[in-house]
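# Report on the structure
These are the residues of each chain, in order.
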Amino acid sequence: MKRIGYFQFKPVLGNPRENRKVIAEFLEGIDADLIVLPELAFTGYSMTDRNAVGMLAENPEDSLSVTMLTGLCAAGNFHVVAGFAEKAGDKLYNSAVLVGPDGMLAVYRKIHLFGFESELFDPGPDAPAVYDIGGLKVGMMVCFDWFFPETARLLALAGADVIAHPSNLVLDWCQKSMVTRCLENNLFAVTANRYGAETRNGKELTFTGGSQITAPRGVILSSAPVDGDDICIVEIDVEIARDKNITGVNHLLNDRRVELYGGLM
Ligand code: ACM
């Protein structure tokens, strides 16, 4: 059995120091294998332009945020997936980092940018991948990636038991859709959303909270309130995600007719 969960909070725009403090307070002493934090957890979301992102973005090889997460993971023997603004040379990515007791394991760069994000970030150039953390196979996607079922399907094909899904959702469709993503891919997902509001260029953006842990068969294991800090950890059996049989005769992945799917390209 593995223990997976989320920490829903309200990052303060442009204040990584304060956000790191809040994250450290909540994650100290938790008993989990994997905790997922929201998208852009250290910077907030509504940065005005690339210049503002560049001032706040971090190179994960040399990052106060990754160092702090590593310390928390080492003290509590768990792993974290956190959304963060990534600087890589002259590129800026809306990324998620997987960190464990020994430091950073992987970075995923969001491939489907939402709304004004394309003014701020470069689109991720790589397909999402899966990482084994002590017998739990974790894939990452970031927020709006949910709208494209190919993202979750790629992770299922790569063997993910659980999708870690840092989010800053502004619509309320995702949680319903994750029921289908988990049903059609027979895996677990942790959607860690934020709550609260931010203003960008005079326009207010309200985030929808409702972080959710979803299981194979589309079962919702946990659902956070739309507002307010919330930390939730549930126990899962990864073997359930590894059995891709739908019925005695149907198999989720083997029954696909890929020879007919060329029109998807
Ligand atoms: C989003 O992708 N942050 C809506």
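Structure shown above.
The structure presented is a predicted model; accordingly, all values stated were derived computationally and were not measured. (Residues numbered from 1 in each chain as written. Predicted model: local features only at pLDDT ≥ 70, side-chain atom pairs only at ≥ 80, totals over all residues. Heavy atoms only, no water.)

## Comments concerning the overall build of the protein chain
Under the convention used in this document: Starting at the N terminus, helices and strands are each numbered in turn, a helix being any DSSP run of H or I of at least four residues and a strand any DSSP run of E of at least two. It is over C-alpha atoms that the radius of gyration is taken, and the globule rule equals 2.2 Å times the number of residues to the power 0.38. Relative accessibility thresholds used throughout: buried, under 20% of the residue-type maximum; exposed, over 50%; partly exposed, between the two (1.4 Å probe, protein chains only). Note on areas: these come from Shrake-Rupley sampling with a 1.4 Å probe, and a residue is covered only by the protein chains present in the view. Asp and Glu are treated as the negative residues and Lys and Arg as the positive ones, with His and the ends of the chain left uncounted. Each charge is placed at NZ for Lys, CZ for Arg, CG for Asp and CD for Glu.
Regarding its fold elements, the protein chain presents seven helices and 14 strands. Over its C-alpha trace the protein chain gives a radius of gyration of 18 Å, about what one expects of a compact globule, namely 18 Å for 265 residues. Each principal axis of the C-alpha distribution contributes one length, and for the protein chain these read about 55 × 45 × 35 Å. Taken over 265 residues, the protein chain has a buried fraction of 54%. Roughly 11500 Å² of accessible area belongs to the protein chain as shown, and the carbon and sulfur atoms make up 53% of that amount. Taking the 23 positively charged and 34 negatively charged side chains of the protein chain as two groups, their mean positions are separated by 3 Å.

## Brief notes about the sheet that holds strand β13 (residues 219-223)
Operational definition: For two strands to count as paired, DSSP must find a minimum of two bridges between them. Angles here are taken between N-to-C directions and fall from 0 to 180 degrees, while the axes themselves are lines fitted to C-alpha atoms, restricted in helices to the stretch in contact. The contact criterion used throughout is that any non-hydrogen atoms of two residues lie within 4.5 Å.
Reading across the sheet, the six strands line up as β6-β7-β8-β9-β12-β13 and stay open at both edges, with mixed pairing between neighbours. At either end of the open sheet lies a strand with only one pairing partner, and these are β6 (130-133) and β13. On average, adjacent strands in this sheet sit at an angle of 25° to one another, irrespective of strand direction. As judged from the five bridges shared by strand β8 (residues 162-166) and strand β9 (residues 188-192), these two strands associate in the parallel manner. Residue H165 lies in a different strand from β9, and its bridge partner there is T191. Sheet contacts for helix α6 (residues 174-185): β8, β9, β12 (212-215) and β13; angle to β12, the most-contacted strand, approximately 25°.

## Quick look at the sheet that holds strand β5 (residues 103-109)
By definition, the strands of a sheet pair up through backbone hydrogen bonds, in either a parallel or an antiparallel sense. Here we have six strands laid out as an open sheet, ordered β5-β4-β3-β2-β1-β14, and mixed in their pairing. If you trace the sheet from one side to the other, it starts and ends with β5 and β14 (230-236), each paired once. In this sheet, adjacent strand axes meet at a mean angle of 30° when their direction is disregarded. Judged from the six bridges that link them, strand β4 (residues 91-100) and β5 form a sheet pairing that is antiparallel. Within β5, the residue paired with V97 across the bridge is V107. Strands β1 (2-8), β2 (34-36), β3 (79-88) and β14 of the sheet are contacted by helix α1 (residues 16-27), whose axis makes an angle of about 145° with β1.

## Let's talk about the state of the cysteines
For clarity, the cut-off: Cysteine sulfur pairs qualify as disulfides if the two atoms are within 2.5 Å.
In the structure shown here, the tally under the stated rule is zero disulfides. Cysteine C174 shares no disulfide, and the gap to the nearest cysteine sulfur, in C143, comes to 6.5 Å. Unpaired in terms of disulfides, C232 finds its nearest cysteine sulfur in C182, a separation of 15 Å. With a relative accessible area of 17%, C232 lands in the buried category.

## Brief notes about the packing of helix α5 (residues 149-157) against α6
Between two packed helices, both the angle of their axes relative to each other and the distance between the axes serve to describe the pair. The line we're drawing: It is the rotation of the near helix from the far one that decides the hand of a crossing: anticlockwise by less than a right angle makes it left-handed, clockwise makes it right-handed. In the scheme used here, Gly and all other residues not listed as nonpolar or charged are polar, with Ala, Val, Leu, Ile, Met, Phe, Trp, Tyr, Cys and Pro taken as nonpolar and Asp, Glu, Lys and Arg as charged.
Interhelical geometry of α5 versus α6 gives an angle of 35° and a closest axis separation of 10 Å. Like other packed secondary-structure pairs, α5 and α6 cross with a definite hand, here right-handed. The residues of α6 that touch α5, namely those facing P149, A152, R153 and A156, are R181, E184 and N185. Partitioning the contact of α5 with α6 into residue classes produces three nonpolar, one polar and three charged.

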